[in-house]
Amino acid sequence: MVWGVGSDDERDEGLEAMMRRLELEREVERVTNRAREAYERNASAVSTLVNTAQIPSSQTVLAAAEGKVKIETDLGGKRILQVFRGGPSCSSARTIKELQRVNIRDLNCPARNEGKILVCRVLTETMIGNGITFHVEDPEELALPLTMPSPTPHPSYGVPATVLQNLFPQGTIIALKEPDVRFALNGSYALRADVPTDVCFINGRSSMVSAIQWCTEATGQVEPSWEEHKLAGNIAMGRKELMTQMIAVRHYTLGMGDPKVVSDPYKSFQLLCNRAQAYLNMRQFGSAYRDCHRAQSLFDATANTTPSIEITPDQRKKLYWRMMKAAYGLRLYDHAQKILTTKCSGLSIPDLPNYVLKIVTQKTGASLGRYDWSLMWKDMHSTTAPHFEVSDYTGPIEVQLLPGRGRGLIITQDVHAGQVLLASKALITGFLSEAPNTALSGLDFERNITTKTTQVLALDKSIHALIDDPSVITIWNSLHSGREDDPESAKTDFPRITEEKRLADILYDRPPQIDVAKISGTLDTNAFGVSSLSRKASEQPGNNFHGEAEHATMLFGLPSLANHSCLPNVTVSHWGDVVVYRALHDLSSGSELLVSYFSPEGSFMARCGLAKEWGFTCTCALCVADESDDYVYREILMERDYSRLMEQSDSLGPREFLRKWMELEKEVAATYAKGRKGMQPDLRPIWRAIAALWWKIDGRRSIPAERFSLECIGTIFSTPQQRATHGRTIEKLPIISGDGKIESILYIARAQFVFMGNPVEGNAWARTAFWAHETMFGGGLAIFLERFEGKLPHRYEVDWAG
Ligand SMILES: C[S@@+](CC[C@H](N)C(=O)[O-])C[C@H]1O[C@@H](n2cnc3c(N)ncnc32)[C@H](O)[C@@H]1O
């Protein structure tokens, strides 16, 4: 409700909401300050053995937890959460067997207690907020809170509370590898597991646990039998909800720890197969593949092990089918095909022909850059977080080290306008819809940066993605981490990893080491906000603190190596989580592929500022030309007079308004150096405003004005001879990516129909708009028509075939 409008009751509500917001802002500030103090204390304190006198007993903790609120700050039903990062946060790369069991009194703080493992019991119910937090007790009945900021592969902010609370029920026994002990916000000791693989489920019947003497009986349930775990897992998995698959995984994992299962490979096989399916349902393809591989080694002599069990043909079929799907999900298409032909042929699986076709399609995409754009377009509209099953395509480009700009992408053969040069699926995405009704603010004290909701989500998901598929770590490492101390920051190439190498990394001997600070740095330096062709997925309103729209966050591999120019020669389009680079013009072999990191329509000073933030000075022809202009005065004119005119639209008659815009055009044009030819992007919005006014006063004159607006950004119009050969009105497209130039071309098409009564010209301009769309985005006429329905000269029949 707008403040000051409506009944007294509504006004009171408005006031109340405002007070709540102010109070919340103060609370956010208080918590931030406390967190910063805790971070600084942790960073500067000398690590010493914990003082047990300052650690509460299990009873004290249980009494204090009684009736505690479980969900944090709330504003009108919306959760406002702060996520704090900072401090060392590398996961343990050791196996449980390599670690020495200790109790809480043996731990140091602040420290990552290397070489140690803490076996403890979940004491309290799970609190939900910044990830999840619950207290654990050790065998001596000392209790500490344990926080897991990223407990689930699907960000916990979108996971129902009931699922989160069921992940670690009271009484569950867990082992904390190389425990990270820190001072919490209130100054007391706290455990933290930034990487969830450091927290292992331990079956209460296992030899490790039965050797422990606990002071008290466990609160909560007694360890179920392995059959009960299997049944509970099957029930959770059968509910077919993504979130309950995590519960299924927990049950199967605990079941596998039962001594009866450990000593019986057949039982292990069953649980591994089931867990693989639960992982597949969660799209955790690496974990699914590892389970299938372990299960295979129990019966298949070709897996380089001595088979220890016999299985039924049905079990065999199920296992290989799951394994194939895991390989496909990992985008190991050759390997998936091999499993299909050697292990699945002859099986009566209804989906089999579908997968045969899918694999061929992916391989075609990878080798030719051909995709089913219409299908992607359709899928993109059916979800708010689109992930596509497509292979990456690398066209005729190679990575080269370029003087003064690090690596860059060089085109290795002549290419034509519109040719796909690169198509690449995001390594990681963060969509606002993944944290429904939640505003997240990430604070990284170490790097002194604040991140938005989708960036927090992307970090959470990155941790899980790398746990699931560590073969991608090589790609991550080849991107700049933004850390000076990173030995890998002087990169010279981009790794192309074979399927064999990826498989070896996925089937690791020891857990991969996940460095959260490094992941955060890499995201910060390389990920960016993405506006997808489908706005539904990429830009959703209103989740953050101030209700602003937020783009999706995405990180790409090879595409990240493209350097910047304010005169880019490729267009960038986003289809869900896939980025596509197409040549904007015909380009010759040896040219560098250049994208624009920011809008070339920005003023020279704005562009310089943005390039500086990226750590370079742009030396493109536009910047060189701009440097000799009176760019400071131009900036003043655009900041002051342009903005003022934009605000005046309603208060002046069209002719008076037009006169003012024309005056401004003259003044801005005069700031360009004498004799300067070509692009003058600052004039573009002015000419668009002039064109719009002519539309109202004398429509015919809007055509040359709109043409100027296109010329300012580098458009070259076709000569009559050129038109005679291809029928287009434009020879060379302007540099601006996005939809603006298509709108301008369609604007002229409409004016030709409406004001000039010239359908021949109208058709030529409309077809040129379609050609421009094909060059920039591809996808065919249907997509173009759907996207530009509102801008088309709709009352007139356009002859698209020409
Ligand atoms: C996304 S990376 C591009 C790949 C990078 N060159 C590399 O070696 O990893 C962005 C970084 O590349 C460099 N860069 C990009 N465009 C540049 C340009 N036009 N001139 C100089 N350096 C540039 C800057 O260091 C920038 O921070």
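In the annotation of an unreviewed UniProt entry, the entry for the chain reads SET domain-containing protein, and the organism field reads Kwoniella newhampshirensis.

Enquirer: How should I be thinking about the packing of aromatic side chains in this particular structure?
Expert: Between two aromatic rings, the relevant description is the distance of the centres plus the angle of the planes. Per the counting criterion, the structure on display carries 26 aromatic pairs. Both rings, one in Tyr-328 and one in Tyr-333, keep their centres 5.5 Å apart while their planes meet at 65°; by these two values the pair is edge-to-face. Ring pairing ties together the aromatic residues Trp-321, Tyr-328, Tyr-333 and Tyr-355, which thus form one cluster. Against the face of Phe-183 rests Arg-41, its NZ or CZ located 3.6 Å from the ring centre. In this structure, Arg-634 is placed above the aromatic ring of Tyr-672, and the distance from its NZ or CZ to the ring centre is 3.9 Å.

Enquirer: Even after reading the chapter, I still don't get the sheet that holds strand E17 (residues 406–411), so can you show me in this structure?
Expert: Note: strands within a sheet are paired through backbone hydrogen bonds, in either parallel or antiparallel orientation. A sheet is described by the order of its strands in space; here four strands give the open sequence E16-E17-E28-E25, paired in mixed fashion. A single partner strand is all that each edge strand has here, and the edge strands are strand E16 (397–402) and strand E25 (563–564). In the sheet, E16 pairs with E17 via six bridges, with the strands oriented antiparallel. Within the sheet, the bridge partner assigned to Glu-398 lies in E17 and is Ile-410.

Enquirer: How should the site of the ligand be read in this particular structure?
Expert: In the vicinity of the ligand, the residues found are Gly-404, Arg-405, Gly-406, Arg-407, Ser-560, Leu-561, Ala-562, Asn-563, His-564, Tyr-597, Trp-614 and Phe-616. Contacts to the ligand include Arg-407, whose backbone N or O atom sits 2.7 Å from an oxygen atom. A distance of 2.9 Å separates a nitrogen atom of the ligand from a polar atom in the side chain of Asn-563. In isolation the ligand offers 560 Å² of accessible surface; the protein chains occlude 82% of this area. Partitioned by chemical class, the residues of the shell around the ligand number five nonpolar, five polar and two charged.

Enquirer: Is there a simple way to think about the domain arrangement of the chain in this case?
Expert: One frequently used descriptor of interface size is the decrease in accessible area upon assembly of the parts. Structurally, the chain comprises domain 1 (9–210), domain 2 (226–308), domain 3 (373–598) and domain 4 (622–791). The gap between the C-alpha centroids of domain 1 and domain 4 is 56 Å.

Enquirer: Just to check I follow, could you spell out the packing of helix H24 (residues 702–711) against helix H26 (residues 740–754) for this structure?
Expert: Helix-helix packing is characterised by the crossing angle of the two axes and by the distance between the axes. Put simply, H24 and H26 touch, their axes get as near as 10 Å, and they point 165° apart. Relative to H26, the element H24 lies roughly antiparallel. Handedness of the crossing formed by H24 with H26: left-handed. Every residue of H26 that contacts H24 at Ser-702, Ile-703, Glu-706, Arg-707, Ser-709 and Leu-710 is listed here: Lys-741, Ser-744, Ile-745, Tyr-747, Ile-748, Ala-751 and Gln-752. The residue makeup of the contact of H24 with H26, split by class, is six nonpolar, four polar and three charged.

Enquirer: What am I meant to see in the pattern of salt bridges here?
Expert: Pairing between side chains becomes possible if they bear opposite charge and their charged atoms approach one another. Taken as a whole and judged by the stated rule, the model has 39 salt bridges. A salt bridge links Asp-334 to Lys-363; its shortest N-O distance comes to 2.6 Å. Taken together, the residues span a long stretch of sequence, with Asp-334 in helix H11 (residues 333–343) and Lys-363 in helix H12 (residues 352–368) at a distance of 29 residues. Assessed through its relative accessible area of 44%, Asp-334 is described here as partly exposed. Arg-405 is the partner of Glu-592 in a salt bridge, and the nearest nitrogen-oxygen pair spans 2.8 Å. Placement of the pair is Glu-592 in strand E28 (residues 592–595) and Arg-405 in the loop between E16 and E17, with a sequence separation of 187 residues. Residues participating in the shared-partner salt-bridge network are Arg-85, Asp-180, Arg-182, Arg-192, Asp-194 and Asp-460.

Enquirer: Looking at this structure, how should I read the sheet that holds strand E18 (residues 420–425)?
Expert: As summarised here, the arrangement of the four strands in space is E15-E18-E27-E26, forming an open sheet in which the pairing is antiparallel. Bordering the open sheet on either side are strand E15 (393–394) and strand E26 (570–575), each of which pairs with just one other strand. Examined bridge by bridge, E15 and E18 share two bridges and lie antiparallel to one another. The residue of E18 that forms the bridge with Thr-394 is Leu-422. Contacts from helix H27 (residues 759–776) reach E26 and strand E27 (578–583), with the element oriented near 120° to E27.

Conventions adopted
- Residues numbered from 1 in each chain as written.
- Predicted model: local features only at pLDDT ≥ 70, side-chain atom pairs only at ≥ 80, totals over all residues.
- Heavy atoms only, no water.
- Phe/Tyr/Trp six-rings, centres within 6.5 Å; stacked < 30°, edge-to-face > 60°.
- Lys NZ or Arg CZ within 6 Å of the ring centre and 35° of its normal.
- Pairing = 2+ DSSP bridges.
- Helix = DSSP H or I, 4+ residues; strand = E, 2+ residues; numbered from the N terminus.
- Near = heavy atom within 4 Å.
- Polar contact = N/O pair within 3.5 Å; in protein donor to acceptor, adjacent residues only side chain to side chain.
- Areas by Shrake-Rupley, 256 points an atom, 1.4 Å probe, with all protein chains shown as cover.
- Nonpolar A, V, L, I, M, F, W, Y, C, P; charged D, E, K, R; others polar.
- Domains from an automatic or database assignment.
- Axes fitted to C-alpha atoms, helices over the stretch in contact; angles between N-to-C directions.
- Parallel < 35°, antiparallel > 145°, perpendicular 65-115°, else oblique.
- Left-handed = near helix turned anticlockwise from the far one by under 90°.
- Contact = heavy atoms within 4.5 Å.
- Salt bridge = Lys/Arg side-chain N within 4 Å of Asp/Glu carboxyl O.
- Buried < 20%, exposed > 50% of the residue type's maximum accessible area, 1.4 Å probe, protein only.

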